[in-house]
Every structure is written in C-alpha cells, then in structure tokens.
Amino acid sequence: MFDLSAYNTFNLTVYAQEGRVIATPEDLAQPVRGPFIILGGGSDVLFTEDFAGTVLINRIMGIEYGPKLDVHGQPTADDNATHILVRVGGGVLLDDFIATMIAEGICGLENLSLIPGTVGAAPIQNVGAYGVEIGELIACVEAREVLSGKCVTLTKEQCRFSYRSSIFKEQGWSNLFITHVIFKLPLRFTPQVNYAGLQSCEFKNAAALRARVIALRTEKLPNPKYVGNAGSFFKNPYVSAAKVAELQAHYGTVPCYLQSDGRYKLAAGWLIDQAHCRGIKHGQVGTWGKQALVIVNLGGAKPHEVVALAKYVSAEVRNQFALDLVPEVRLYGKHGEISWDQI
Ligand SMILES: Cc1cc2nc3c(=O)[nH]c(=O)nc-3n(C[C@H](O)[C@H](O)[C@H](O)COP(=O)(O)OP(=O)(O)OC[C@H]3O[C@@H](n4cnc5c(N)ncnc54)[C@H](O)[C@@H]3O)c2cc1C
C-alpha cells in the first residue's frame, strides 16, 4: 500500500495500492495495470476513501528558454522582442516557476503567485487568481496518453480554457499526463490590477505585484503546510441578471462580476457566509474563518467528515438561495474519480 498523506494537501490519511514517481516522460512507458490517478501536489483533490489503483506522481522538472518573439509572434534576436517562449516540466512547482521568471525579468504570471501545486496541473482547471487565468499565458501543452504512450501537443485554442476548466476535464481526455507546458510570456511588465485589493496600488515591477498578491493571500487563506485544505472547495456559481436582481432586493450589495455572456459570477464564499457557514466546526473539519469557501482539516479528520461538511454547506446554501454549489476540488473514490452526486 502507498501512503498518500504527503500527497494530498487536505492531509488526510488515505492509501493507494501503488505509487509511482514519474521523473521523465519515458517513465510512463512502463505499463499501468488497472485504474490510475495522475497527481501533482495533491492540492486540488479529495480522496473520499482508499484508492484501489496506481497513483502516478508528476516530478518532471526543468525550465528551458525558447526564442524571443516580436509583436507578430516571429522569432527575433533584437531588442524589440515582446515575448519569450518557456518550456517547463510539469512537476515544477508553479510558485517556484513564477519566482524564477520574475528573477529573470519575465512577466505575466505574478498575479498567480502562491497558488499551490505543479505547473502540469495548472492547465487542467485553468488556475486563476486576482484577474488572471493561466490559460492566457500558455502557448501549448505537451502530454502523453498513459495507456498507449502516444505523445500529444495541444495548442492554447485546442485546450479550450474557460473558468476553472479546460479540455483536460472533458470525457475521453483524462488519460493524458501533462509532461510539459510551453508558456508565451511578456518581457515587459503590464500590471493587471482590476481586482479588488490591487486597484488602489501602484506597482513598479512584477516583483512588487507578486509581493502584494502573496501578502493578500497569506492574510486570507490557510497555509496547507499547517492547516490541511485544498483551497476553494466550491466553484463560484454563474447566474442570470434576474437572479442577481432578486438577491440584491433581499441583501443589498451582492458581490458579483459581469461575464462576457451576460451572466454574473457570484462569490461562493459570500453565499456560504450569508448561509451562516463561515468559521463553523463539525468534529475535526470546519470552514475557514477568513474565507468561508475553504474547508479545513482541523487535525486528524477523516475523509467522510470532509464530505459531510461539504454536503452540509451546499445544502444550507441551496435552502437559502436555491442555488447549487459544485465542487472545484476533484473527488476520488475506490476506483477513480467520482462525481459530487455519487457521494
Ligand atoms: C491554499 C490553496 C489555495 C489555492 N488557490 C487557488 C487559486 O487561487 N486559484 C486556483 O485556480 N486554484 C487554487 N488552488 C487549487 C490548486 O492549487 C490548483 O488547482 C493546482 O493547479 C493543483 O495543482 P496540483 O499539482 O496540486 O494538482 P493535483 O491536486 O495533484 O491534481 C489536480 C487535478 O489535476 C490532475 N493532474 C495533476 N497533474 C496532472 C498532470 N501532470 N497531467 C494530467 N492531469 C494532472 C489530477 O489528476 C487532478 O484531477 C488552491 C489550493 C490551495 C490548497
């Protein structure tokens, strides 16, 4: 049995039948029998019980610098280059990569500072924070089909990035192990400061913006090193303008963000807060006092306790707002991924 405690940031004690570290793409040539799960840092997963299969842990490292590009996307050696291509091993920690880029004078990723997990997992749910989504900065993704060993390269367009989603979450694509991500990153700093908390500040460079994002996140979110959690447990729901108007009539100001399709993104944390579920404790699990969207392991929690609290919170929100929360965290059971309705 392979102990997964160090491979899930909820810090739950769960086991897989086998664990394999993948340090190079060639390591995937060894056949996998039975069900398998790909893991990076385990910061977006909830194991609801032991897993009767193999866990493939991505530790493919390395950062390679490609050509600089001009405004037309053509390789150039002159000083007018606007972007650079960078190929990164999927096992590199995203935050280490961001720190390295900033030290090298390469920008664009600073708003995503301190998001836990690996570069290889980041395209899966198109990680985003403070008004930036990683898909915007990706040129292409390299992957291998775990069962056939076939190499696949998907362009940014083929990845179909959207809010906390991509093609990699669609049926038929879960066999792909992301080995490398190729980024197209700007060489000049353009601060993305549309998000609350960044608007009132002036940033001289990417390092200053990164420092501010780190300060905001540290203030609001529990550090999984000390308090087990997987970040936002639920996605922010999208609703119609009519639903927003209905909520405003009852609650006054409602935090929401207009989307390009005319719908609004509501803050799930606000809904949970209004449903009186912020900072609650049920046994060894609770919701974080400074961000209700985060479910935390208060020490020695069992998987079923996390599931029960998540179900309780979603039921309270449904009762009060007639809205269904959907988990952002990926759920795994004995034989592989399971849906929210199955637990
Ligand atoms: C404190 C905290 C804060 C967070 N804040 C944010 C945030 O601001 N924004 C945000 O978007 N997310 C956030 N997250 C969620 C999480 O960090 C991201 O989803 C991250 O990309 C997960 O990376 P990982 O390596 O830990 O993936 P894992 O949890 O190991 O895996 C997540 C999913 O991706 C799949 N996967 C992983 N690696 C690969 C691969 N190489 N190939 C194919 N499939 C793979 C897994 O099978 C699984 O389904 C937060 C989490 C925590 C704990």
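Residues numbered from 1 in each chain as written. Predicted model: local features only at pLDDT ≥ 70, side-chain atom pairs only at ≥ 80, totals over all residues.

A.B. asks: Go over the overall build of the chain with me, naming the residues and quoting the values.
C.D. replies: Tallying secondary structure elements over the chain gives five helices and 21 strands in all. A globule of 343 residues ought to have a C-alpha radius of gyration of about 20 Å, and the chain, at 20 Å, matches this closely. For the chain, the spread of C-alpha atoms along the three principal axes comes to 60 × 50 × 35 Å. Among the 343 residues that make up the chain, the fraction classed as buried is 38%. Within the chain, residue pairs in contact and separated by at least 24 positions form 62% of the contacts whose partners lie at least 6 positions apart. (Helix = DSSP H or I, 4+ residues; strand = E, 2+ residues; numbered from the N terminus. Rg over C-alpha atoms; globule rule 2.2 N^0.38 Å. Buried ≥ 20, exposed ≤ 12 C-beta atoms within 10 Å, placed from the backbone. Contact = placed C-beta atoms within 7 Å.)

A.B. asks: Outline the site of the ligand, listing residues and values.
C.D. replies: Among the 33 residues in the neighbourhood of the ligand, the closest are listed as G40, G41, G117, G120 and G231. Mapped by element, the contributors of at least two residues to the shell around the ligand are β3 (36-39), β8 (128-129), β12 (176-186) and β13 (228-232). The residue inventory of the shell around the ligand, partitioned by class, reads 17 nonpolar, 14 polar and two charged. (Near = placed C-beta within 6 Å. Nonpolar A, V, L, I, M, F, W, Y, C, P; charged D, E, K, R; others polar.)

A.B. asks: With reference to specific residues and values, describe the sheet that holds strand β18 (residues 285-288).
C.D. replies: Read from one edge of the open sheet, four strands run β13-β19-β18-β17, paired in antiparallel fashion. Where the open sheet ends on each side, the last strands, each with one partner, are β13 and β17 (281-282). Sheet topology places β18 next to strand β19 (residues 291-297); four bridges connect them, and they run antiparallel. In the sheet register, W288 faces β19, and the bridge partner there is Q291. (Pairing = 2+ DSSP bridges.)

A.B. asks: Break down the nonpolar core for me, with residues and values.
C.D. replies: Membership of the largest hydrophobic core comes to 85 residues, with the highest contact counts inside it found for F47, V55, L56, F233, I272, I295 and V306. No other element matches helix α5 (residues 303-321), which puts six residues into this core. Not counting the four nearest positions on each side in its chain, I295 is found in contact with N229, F233, V285, T287, V306, L309 and A310. (Core = buried A, V, L, I, M, F, W, Y, C linked by C-beta atoms within 7 Å.)

A.B. asks: Help me get a handle on the environment of K225, residues and values and all.
C.D. replies: Looking at where K225 falls in the secondary structure, it is placed in the loop between α2 (206-220) and β13. Along the chain, K225 and P237 lie twelve residues apart, while their C-alpha atoms are 29 Å from each other.

A.B. asks: Tell me about α5, residues and numbers included.
C.D. replies: In this model α5 runs 27 Å from its N-terminal to its C-terminal C-alpha over 19 residues, within 8% of the 27 Å that 1.5 Å per residue would give. Burial in α5 covers these residues: P303, V306, L309, A310, V313, S314, V317 and F321. Along α5, the residues classed as buried sweep out an arc of 135° about the axis, all on the same side. Across from the buried face of α5, at angles greater than 90 degrees, the exposed residues are K311 and N319. (Expected span 1.5 Å × (residues − 1). Arc of directions from axis to C-beta.)

A.B. asks: An account of unusual backbone geometry is needed here, citing residue identities and associated values.
C.D. replies: Its identity as a non-glycine residue notwithstanding, N11 has a phi of 60°, on the positive side. For L114, which is not a glycine, the phi torsion comes out positive at approximately 70°. Position of L114 relative to the elements: it lies in the loop between α1 (94-103) and β8.

A.B. asks: Tell me about the domain arrangement of the chain, and name the residues and values.
C.D. replies: According to the domain assignment, the chain contains domain 1 (2-58), domain 2 (63-217) and domain 3 (234-326). Centre-to-centre, using C-alpha coordinates, domain 1 lies 24 Å away from domain 2. For the side of domain 1 that touches domain 2, the elements supplying multiple residues, two or more each, are β3 and β5 (51-58). (Domains from an automatic or database assignment.)

A.B. asks: Describe the pairing of β3, with residues and values.
C.D. replies: Burial along β3 is two-sided: F36 and I38 facing one way and I37 and L39 facing the other are all buried. Bridging between β3 and β5 involves four bridges; their strand directions are parallel. When the sheet's bridge partners are listed, I37 is paired in β5 with V55.

A.B. asks: Any details on the sheet that holds strand β1 (residues 2-3)? Residues and values, ideally.
C.D. replies: Taken in spatial order, the four strands make up an open sheet running β1-β2-β5-β3, and their pairing is mixed. Each end of this open sheet is capped by a strand with a single partner; those strands are β1 and β3.

A.B. asks: Give a detailed account of α1, specifying residues and quantitative values.
C.D. replies: For α1, the set of buried residues is L94, F97, I98, M101 and I102. Buried residues of α1, seen end-on, are gathered within an arc of 135° and therefore sit on one face of the element. Against the buried residues of α1 lie β6 (63-69), β7 (83-89), β12 and α2. Looking one or two residues beyond α1, the residue adopting positive phi is G105, at roughly 80°.

A.B. asks: Give me the environment of E170: which residues, what numbers.
C.D. replies: Here E170 lies in the loop between β11 (151-155) and β12. The sequence separation of E170 and I124 amounts to 46 residues, and the corresponding C-alpha distance is 9.9 Å.

A.B. asks: So what about the pairing of β13? Which residues, and what values?
C.D. replies: For β13, the tally of buried residues reaches five of five residues, placing the bulk of the element in the interior. Taken together, the three bridges between β13 and β19 define a ladder with antiparallel strand orientation. For N229, the partnering residue across the bridge sits in β19 and is V296.

A.B. asks: Kindly report on the environment of A230, identifying the contributing residues and their values.
C.D. replies: Topologically, A230 is positioned in strand β13. Judged by C-beta crowding, with 26 C-beta atoms within 10 Å, A230 ranks as buried. Expressed as a C-alpha distance, the spacing of A230 and H72, which sit 158 residues apart in the sequence, is 40 Å. Look past the residues within four positions of A230 in its chain and what remains in contact with it is T9, F10, S43, D44, V45, L46 and V329.

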